[in-house]
Structure formats: C-alpha cells, structure tokens
Amino acid sequence: MPTLDMLHPDSRCRVTQVLGEHAVSQRLMEMGLIEGSTVEVVRFAPLGDPMEVSLHGYSLSLRKSEASLVEVEQCG
Amino acid sequence: MRLAKAETTVALVGNPNTGKTTLFNALTGLSHRVGNYPGVTVEHKQGRFELGQRGVRVIDLPGTYSLAARSKDELVAVDALLGHGVADVAPDAIIAILDATNLPRNLYLVSQLLELDRPLILALNMSDLARAQGIEIDHVGLSRALGVPVVPIAADRNEGLEALQDALERIISEPAPRTGNRAELPAPLNAATDEVQRVLEQAGGKLGWTPCRAEALRCLVDVDGEFEARFRALLGEEFQQAVAAARTKLPADRTPASVEAHARYSWIDDLVRRFVARPEQGRASLTRRLDALLTHRLWGSATLLLILAGVFQAIYSWSAPLMTAIEMAFARLGSGVEALLPAGPLRSLLVDGVLGGVGGVVVFLPQILVLVFFITLLEDCGYMARAAFLADRLLVRLGLSGKSVIPLLSSFACAVPGIMATRTIDSRKDRLATILVAPLMSCSARLPVYVLFIGAFVPDKRWMGGWIGLQGLVLFGAHLIGVVVAAGVLLVFKHTLFRGPTAPFLMELPPYRLPHWRNVVSRLIDQGRAFLVRAGSVIFAVAVVIWGLSYFPHPASIHEHYEQARASVTAPEVLAQLDREEAGAYLRASVLGRAGHLIEPVVRHAGWDWRIGIAVTSSFAAREVVIATMGTIFNVGDDATAGEGALREVLARATWPDGRPLFTLPVALSLVIFFALCCQCVATLAVIRRETGSWGWTGLTFSYMTTLAYFAAIVVYHGARWLGMGG
C-alpha cells in the first residue's frame, strides 16, 4: 500500500488508513488526515523534505517521516 | 439563584492562524497584560472590555487544534477552559474563533468544546474572505443545529463585533440549557468513558475537584497523553489499571484516537453538507501563485535568504543610529550629573552604576523593536510558516525544526531579540534548545572585541592580490566557530537533555494576508515592556553590583599618593596621564582587581595574566566592557573610541614581570575564542530567565558556555604555541 510521502506533486489520493500508535497519528487525524479524506500533494520543500499537502480546503506542511504513516490509494 | 458578578471571565480559543489575536486586540484595544504560565513557556494574555454594566475579562488562550493535550504547553489552554488554570475558575463563557474559509478542520475543536457544556459562542472570522472565495455558510442554520450562537465577523475590519458582544451578553445573562446536535461517539467508546469517569468521581475527594466527562474522555483516548499522566501522578497505579481495563473493552482493530477522530469528522461532514456551500476550487489562488514562487526550489530559497539578509541588515543598521543616540544621551546625562556632584562614591554610583545600568538596558530596545516589528509582519502575513517549511530539513538533524531559523539568525545581531523571537516556536523542546544555543551565535557586541585583538595581534598577511587577508579569515572563523559549536551542542542535547521523539512538524501554511497594524503595535508594546520591566530589572541590578565590586574599597591612600604626584607637575598631558594611572590604581585595588590576582592561577592556563583576568571577569555583565576595562587597567583611560589606537600600542608593550611580552598571537587567539563562546551578557541571561521562567535553564546556558569557552581558550593557546605562533 503506498503512503503519502511516496506520491508526486500534483497527484491526488484518498486516505485509507493512518498507521502508528499514539501522539503523531492522533495529531494527523485531528488535522483531517482520516480514512476517506481526499488529499492533494502540492509540493516538496527545496531540500526534499518536508512536503505540502492540501486537504479540507487548507494547506498542511508535514515531514515525510510523518506522511509515511498515512496509507493512501491514488485517485488520479 | 446565581449572584450577579461584577466581572465575567471569557476565554478566547481557536486554531492557530484564525485571527484570534486580531479579535483579542479588537475587543480589548491595546491595553492588556502579558504573563507566563508557571512552569511553561507559553505566554498568557488577559485584557478587559466593558459590556453594558459588566466588566469582562478576556483570556487569550494559545492556539490549539484539539483538546488532546500532548505537552505541558498544550495542557495550559485546556486547563484554562476546565478551570484548572491561572484563574482557577472555569470561564463564564467561551468564544471559539473559527476561520470561515477553512471550516471543516476548525469544527473539530468545536465538537470537543460543545462537550464541555459551557456557554459557547462561535465567531466565524474572515467571513468576508470566505464570501469572496464563493464559500456560503448558513450561519443561522448552523446555530440552530448546534444550539449555540454563530456570529459572522471580520475581526481585522471590526465587523460583527457588536453582534458578537450582544450574543455574549445574552448568553451570560441567561444561560440556556443546551440542546444542540453533538458529535455522536460510538457506544463502546461512551461506555468506556463512563467507566473512567466513575473511577475519577470516586477519587474526587483525593483530587479536590470533580473531573468532568471531557477529562475522562481525554484520559481514555490520549494514550500516554498529559491527562493520563496527570491523573496517574495524582491517583497512582490503581487508576492506571482502571484506564487500561476500560481500553480493553474498546474494539481492538482501531486505536481509540482513530475512533474519536472518525466520529468527529463524520459529524463535521454532515454539518458541512447541510450548511456550507463551497466551490470546487481549493484555496485562494493568490496564495497558490505566491507559493509557486516563494517555496520554489530556487526562487523560494533565494527569497528566504534575501528576507533574512534584509532583517539582519535592519537590526544592524536601523538600530545602530538609535543605539548611538541612546548611548550619547546617557553619556551627556552622566557628565551633567558629574558637573553637579562632588567626586565620591555617590557620584560614581549615579554615573557609572545607575546611569550606566539603565543605559545598558535601554540600549537594547532598538534592536528588539526592529526585530519584533519584522517578525510580527512575517508572521501576520503568513510568510513565517513558509520560512520554516524551507529551512526545516537543515535543522531537523540537530533536533530542531524550521521554526528555529529566524530566531537563530537574528541572534547574529543580538541574542536578546533572537531569544524573544523563539516565541513563534510551539514545541517546548525545540524552543528551549534554540534558546540554549542562541547566545553562541556571534552577536554584534563581540565585533569590537574581535577587531581590537585581531587588529592588534594577528599579522596583516594578504593573499590573492589583497582580497583575502589573514585578519579577515580569523574574524570569519570567530563567527563560524559559534555555529559549529552550536551544532555540536545541539547534537549533545538531542541525545541527553532533550531525548525522545522529535516533535511532529504538522504546520498549517495559512493563506497570505495583509498584516494588521494593531497586531504589530500590540506586539511591539508587549515585547518592549517585557524586556524593560522583567529583564531590565535584573540587568540593572547586576550593573550596580559590578560597579560596586570595581569601585570599593577605593582606598584614600591612592588618592593621597596621586595628589602628591600632581602637586609637582603642571603640564596638562602629564596630569591627564596621572589621572588615568589613578583610575587604574583604584581598579587594581578594588574587589574585582583583587579577584583578578586570585584567579590568575586559573586563567594562566590560557596564557592570561591577572590584568587580562580582571578585564575578562568585569566583562561578564556585558562583553563589550572589556575594552573600557583594559583601557583603565593599562592606564590608557576608558574612552574606548579615542583610545583604541593608544590601547593597541599599550597592549603590544605590556609584559610579564620577567619582561616577556604579555600579548602574543596565541594569547590574542585564546581571547578571541573565549569571547566567541562565553556567555558574557547579563541581558541575554535575564531574557532567558524571563522566557523560560526558570533559573535552571539560565544557569545551564551560563555554565555550559563559560566552561566551553574556558577550555577552548586553553586548547587554542597551547595549540597555537605548539604550532610555533610565538610565546
């Protein structure tokens, strides 16, 4: 299953599952990265990390290590 | 019956970047108090306004996305809502401010706030922007569904504030039973919450308060969170076992946090479907276009460097004339006092102690205000998040995040405003680590010291047609060494003091907006006052103590000796030389001077004699003082600008008792490295104390830097000698 950090800029995906046990995954879900949310990858920072995604009408920056907890399915 | 209270407390809560500060300033004007919550680095802001006959106290809580506190700093906001905070009573009403352009995520916090069963008002901020983006919110329908007032406002234009205050007045004077729609949590989660709540209620006597259902939910769901930790500490292992038992009754295939988040987001989806109509296109296209440039691989980094260079330049050059003016004003005031009073301890105390101390505080104000001005602009317009986005990768290996980049670079001008700028870092661990290394960045006060020693003792060798010179290289090295050492120190801290997982870097990149002047003015006043009052008193006190140490005992015998000498000469230059020698004799006889002799065995390892020891010791309050002190000790006089050339010559002639020259290249280099690494700045320490609220962190900064500086000076001295650079 691909995770959010593997996607290319300008691709869209749907979240299928958020891995990880506690604090970080809870924070990810509170910010709206939950099963069924549609997420667009906007860009990666010039040094390759962190990345910017757009969801629920706002932009979120997160590190790839955090994005790798978010399992997704690509949707065009 | 409830007694009418003279004062009502209202808490202002919301996600970051929702315009909470703008609303706070619009409600309270520019008058408010800022304090620190005990034991945490979060600042605590209270203001007042009149509502009809009622005085209303507004508490501005730190921005938060959820009540699930994961750190002491986050706990502060939740505690204030529950009434465990500074006020010790729960607020009479809560105003939740929401960003109307970004409603779904903002509603997450609302779904938790509704469960607190306190009078609640939703202020839909930036509703003008939302309309402009084609987002239609049926606020009447939303209000009816939730059972709480929903008021559209535009805080930056003062729109909707009256309606907000009317709603507040109604909700306070006639608190109605709450009947609105709530997020429905699944039955097993509710049953388990009931179980935890029963345990908490039974323990009520031990706690001194009756925890509410929201606290029980947080204990249950936030595994290893702040609430669990708090109640475990208060109630012991038994409570921990009860929570663990309750958790086993939840479905095993998902975490409790995921169950909660799902339930809340499906509640949000339902509300958004019913009351919000938004066009397909994502966020504001202007922000998209700007970000394409400002976070671009090449142009984004170039812009960041340009902005940093601009801010840095401004701290240096805009504040320099003001600082000179302040110094001159205090010098003039000093000579005014000197003319009025006879020579003696009182005059010296007033001129060198009191005026010197006050001047030493005020002189920092221009730099602080210039930096705060830029930081507020950058933060208010949304650029700060982009700067952190661009720089994060560089700092994450050192255990920091991108948010540290501006405080650290500002510290090259002056660590005092740099440390104050760490308020924009929300992770406590990152903020403390940044504060601890900020004083290692080579600040502008070190420059004159470097220039003196490098100019006097480093040979002026040049290569490549004069473009590269040895003096310049050493000066560059003096700046670089701070960065290198800071990186090492951060790595050590990362594996010792600040062990544990890196704080998550989930950061919203808010749409670009025009900054609001009121926020800028308000921050300038807050930080200026915080520095002058809280840090200023410490700096002043230390200045007076140092004065005392360098003045007393001031033996009369020295005066008599020089009076006799003066009686036999008339030439003005000889008289002036005698005056300078007399000043030097007093300093050498003072407590500080004797301490110099005392520490000579210690500083000798770095190649210094007792006179250098005194100069270095006396500059612990402010490093640039070393030049004036050296002038006095070596009888050149303390007028640094006029005397620098003379001072260089005198230093070059100074010898050990056996006639060897005192200042050699190794000694000069050891002094340079000592000043590069040592924490010789009371203002910095006072600000660290003020920002961390702890003498422990302040002491740690002072001791690790001083220790490092001392040993580095020894290593450099012996290293340079071993390389054959002379005596």
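What comes next is a walk through the structure. (Residues numbered from 1 in each chain as written. Chains lettered and ligands numbered in written order. Predicted model: local features only at pLDDT ≥ 70, side-chain atom pairs only at ≥ 80, totals over all residues.)

### With respect to the sheet that holds strand 4 (residues 58–62) of chain A
Link 1 in the chain: Strands sit in the order 5(A)-1(A)-2(A)-3(A)-4(A)-12(B) across an open sheet of six strands; the sheet is antiparallel. Two strands lie at the open edges of the sheet, namely strand 5 (70–74) of chain A together with strand 12 (507–508) of chain B, each paired on one side alone.
Link 2 in the chain: Strand direction decides the pairing type here: strand 1 (residues 12–18) of chain A and strand 5 of chain A, joined by five bridges, are antiparallel. Pairing of Arg-14 of chain A across the sheet is with Glu-73 of chain A, part of strand 5 of chain A. (Pairing = 2+ DSSP bridges. Helix = DSSP H or I, 4+ residues; strand = E, 2+ residues; numbered from the N terminus.)

### Quick look at helix 24 (residues 556–567) of chain B
Link 1 in the chain: With 12 residues, helix 24 of chain B should cover 16 Å at 1.5 Å per step; its first-to-last C-alpha distance of 17 Å lies within 8% of that length.
Link 2 in the chain: In terms of burial, helix 24 of chain B is a largely surface element, zero of the 12 residues being buried. (Expected span 1.5 Å × (residues − 1). Buried ≥ 20, exposed ≤ 12 C-beta atoms within 10 Å, placed from the backbone.)

### Some details on unusual backbone geometry
Link 1 in the chain: Asp-49 of chain A connects to Pro-50 of chain A through a cis peptide bond whose omega is -5 degrees.
Link 2 in the chain: With respect to the helices, strands and loops of the structure, Pro-50 of chain A is situated in the loop between strand 2 (38–44) and strand 3 (51–55).
Link 3 in the chain: Between Phe-552 of chain B and the following residue, Pro-553 of chain B, the backbone shows a cis peptide bond with an omega angle of 5 degrees.
Link 4 in the chain: Looking at the element boundaries, Pro-553 of chain B is found in the loop between helix 23 (517–551) and helix 24.
Link 5 in the chain: Of note, the phi angle at His-56 of chain A is positive, near 45 degrees, even though the residue is not glycine.
Link 6 in the chain: Position of His-56 of chain A among the secondary structure elements: in the loop between strand 3 and strand 4.
Link 7 in the chain: With 23 C-beta atoms packed within 10 Å, His-56 of chain A lands in the buried category.
Link 8 in the chain: Look at Asn-17 of chain B: it is not a glycine, yet its phi comes out positive at around 65 degrees.

### Quick notes on the interface of chain A and chain B
Link 1 in the chain: In this complex, chain A contributes 33 residues to the contact, which on the side of chain B involves 35 residues.
Link 2 in the chain: With eight residues, the single largest contributor to the side of chain A that touches chain B is helix 1 (residues 23–30) of chain A.
Link 3 in the chain: Counted by class, the side of chain A that touches chain B contains 14 nonpolar, 10 polar and nine charged residues.
Link 4 in the chain: Both strand 4 of chain A and strand 12 of chain B contribute to a ladder of two bridges, which runs antiparallel. Its bridge partner being in strand 12 of chain B, Ser-61 of chain A is matched across the sheet by Met-507 of chain B. (Contact = placed C-beta atoms within 7 Å. Nonpolar A, V, L, I, M, F, W, Y, C, P; charged D, E, K, R; others polar.)

### A short note on the pairing of strand 1 (residues 7–14) of chain B
All names here are of chain B.
Link 1 in the chain: One ladder, built from six bridges, connects strand 1 with strand 4 (residues 54–60); its direction is parallel. Across the sheet, Ala-11 pairs through a bridge with Ile-59, a residue of strand 4.
Link 2 in the chain: Both strand 1 and strand 5 (residues 93–99) contribute to a ladder of five bridges, which runs parallel. The residue bridging Gly-14 from the neighbouring strand is Ile-97, located in strand 5.

### What about the packing of helix 9 (residues 213–221) of chain B against helix 10 (residues 226–235) of chain B?
Residues and elements named next belong to chain B.
Link 1 in the chain: Running from N to C, helix 9 and helix 10 cross one another at 100 degrees; their axes reach a closest spacing of 7 Å. By the angle between their axes, helix 9 is roughly perpendicular relative to helix 10. For the pair formed by helix 9 and helix 10, the contact residues are Glu-215, Arg-218 and Cys-219 on the first element and Phe-227, Glu-228 and Phe-231 on the second.
Link 2 in the chain: Across the contact of helix 9 with helix 10, the residue classes break down as three nonpolar, no polar and three charged. (Axes fitted to C-alpha atoms, helices over the stretch in contact; angles between N-to-C directions. Parallel < 35°, antiparallel > 145°, perpendicular 65-115°, else oblique.)

The values reported here are purely geometric and, on their own, carry no functional implication.
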